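Structure assessment
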Amino acid sequence: MEEKLKITEKSVYLNRRNFMRAAVLAGTATATSLLYRRLNPPPAERTEGEKLATATNAPKEEALNNGYAVSDALTPLEAITNYNNFYEFDTSKSGVAYAAKGFVTRPWAVAVAGLVNKPRVFDLDELLKFQLEERIYRLRCVEGWSMVIPWIGFPLQKLLEQVEPTSTARYVAFQTLLDPQRMPNQRTGVLDWPYVEGLRLDEAMHPLTILATGLYGETLPPQDGAPIRLVVPWKYGFKSIKSVVKITLVADEPPTTWNLQAPDEYGFYSNVNPNVPHPRWSQATERRIGEYGRRDTLLFNGYGEQVAHMYQGMDLVKNF
Amino acid sequence: MSDSRFGKIVVFINSLVPLVLLFWDLYHKRVGPNPLEFVTRTTGMLTLIFLSLTVAVTPLRKIFGINALVKYRRMLGLFAFFYGALHLLTYVWFDRLFNFVSMVQDVARRPFILVGMTAFVLMVPLAITSTNKMVKRLGGKRWARLHQLVYLAAIAGVVHFWMLVKSDIRLPLTFAFILLFLLGFRLFSKYAPAQPPNAGGNLFPRE
């Protein structure tokens, strides 16, 4: 009788021990999984924007000729909205969509001032009244990847014509919103806030230079620079400043954020150029998002026919 | 099954969890628009994490007096090597498609790759000599000296990470601090002045 009792006790003990071990294994594995998920989050889901009506679209042949469209396959919306460089929200490309969720873009105004005859503050609704067009542009990031994006917007030229730049205006300076409440990563010092960019006046007046208010037929998602951003397709992506609040016409070359950050790595011009390597990597090839392997990077991102004349006689290695 | 054997299974399973989830995400195409970058980044981070865990074992043992931790050090180190190998393989296979010419050109332009490769090469002899047999063959002292290379590998790994970021150095900085602390602790406990027995408790016992 006593013997039996002992045996039962031992098996109960072993069972309990096995149970505890199973619990430890399951518990730690769950904790590790949660930690991994936390540190390496999967892409966020996208909230839909409002539909934007495009008034004009150039005929296809014509659009292909003047650079308003390219025949390359479009990058899927999922990729365009989940792979972003927008340091105001997050420095991880996959984290921007989540961090920018719910970014409030109304009310919004863009102040256009400086060397102009008619300085003016444009409300977002006024900006949306410009004749919107679809532009299918290649976007080449300085990091060595690229996309093809169907933007909706209007030529910056149209806006500048309304404020009438004076004869002394030679450059255009742009500024992103500065509001650490709404752009939480501005509380960190990863860049000098606010983000600023600049173009030469002729670059700003070029018909390919647009202010985009949407993509894929809808208003811009926050992570892509809502509600209004610059798009300059022949320059590296960081020149296409996002969430613009201020445009100033100036006489001298304005400071630009990445140039201030690392002057030897990011020049004022930053035209896409496969022959001028970044000090830390080559710019000869790029990874088109969604493709395997790499493709050759084109001079001026393939827009040479339209823009090369602006840089005639200029040393593109010196003026990188 | 003994408790230490069970402990090893727990460490082993937990170390494999990230790999399983990575494959799960790959299979379900939940790795974002640039899968190559996602996999490279993930395996690279895992390598640094496991390297940090490996060099953390001795300081943790000494600070908290949990000597049993040393039983898991080899496994953690081998996992660092394993994830490092995956990281390198991702680059060689999927980024460069085994094209060695393109690799040489790329390395010439991006020196941080060379630093990362150095870190990996430094781990190779450590992985090879990780068996009990090799410890015996080399003799404990020589083996221990050889395995101090792990610090060089970890430093090279952090430098490699630091060199590739554009401006947000917070993460590499974190790894650098962890490493500096762990390395500092080792040096301190080695060269700290002798203390009378029990005066300092067992917080920093001499080796």
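What counts as what
- Residues numbered from 1 in each chain as written.
- Chains lettered and ligands numbered in written order.
- Predicted model: local features only at pLDDT ≥ 70, side-chain atom pairs only at ≥ 80, totals over all residues.
- Helix = DSSP H or I, 4+ residues; strand = E, 2+ residues; numbered from the N terminus.
- Buried ≥ 20, exposed ≤ 12 C-beta atoms within 10 Å, placed from the backbone.
- Axes fitted to C-alpha atoms, helices over the stretch in contact; angles between N-to-C directions.
- Parallel < 35°, antiparallel > 145°, perpendicular 65-115°, else oblique.
- Left-handed = near helix turned anticlockwise from the far one by under 90°.
- Contact = placed C-beta atoms within 7 Å.
- Nonpolar A, V, L, I, M, F, W, Y, C, P; charged D, E, K, R; others polar.

Okay, the overall build of chain B next. Looking only at helices and strands, chain B features 9 helices and 0 strands. Element order for chain B, N to C, with α for helix and β for strand: α-α-α-α-α-α-α-α-α. Projected onto its principal axes, the C-alpha positions of chain B cover 60 × 40 × 35 Å. Relative to its full complement of 207 residues, chain B shows a buried share of 23%.

A separate point is unusual backbone geometry. All names here are of chain A. The residue after Arg106, namely Pro107, is reached through a cis peptide bond having omega 0 degrees. Here the bond from Trp193 into Pro194 is cis, since omega is -5 degrees, no more than 30 degrees from zero. Take Pro194: it is sitting in the loop between β5 (171–176) and β6 (196–200). Positioned with a positive phi, Tyr216 is a non-glycine residue whose angle comes to about 50 degrees. Inspection of the secondary structure assignment puts Tyr216 in the loop between β7 (210–215) and β8 (218–219). On the neighbour-count criterion, Tyr216 (20 C-beta atoms within 10 Å) is buried.

Before going further, it helps to spend a moment on the packing of helix α3 (residues 73–95) of chain B against helix α5 (residues 111–128) of chain B. All names here are of chain B. Contact geometry of α3 with α5 gives a least axis separation of 10 Å together with a crossing angle of 140 degrees. Relative to α5, α3 is oriented oblique. The element α3 and its partner α5 pack so that their crossing is left-handed. Only Met117, Phe120, Met123, Leu126 and Ala127 of α5 make contact with α3, whose side of the interface consists of Gly77, Leu78, Ala80, Phe81, Gly84 and Leu88. Along the lines of polarity and charge, the residues of the contact of α3 with α5 split into 9 nonpolar, 2 polar and no charged.

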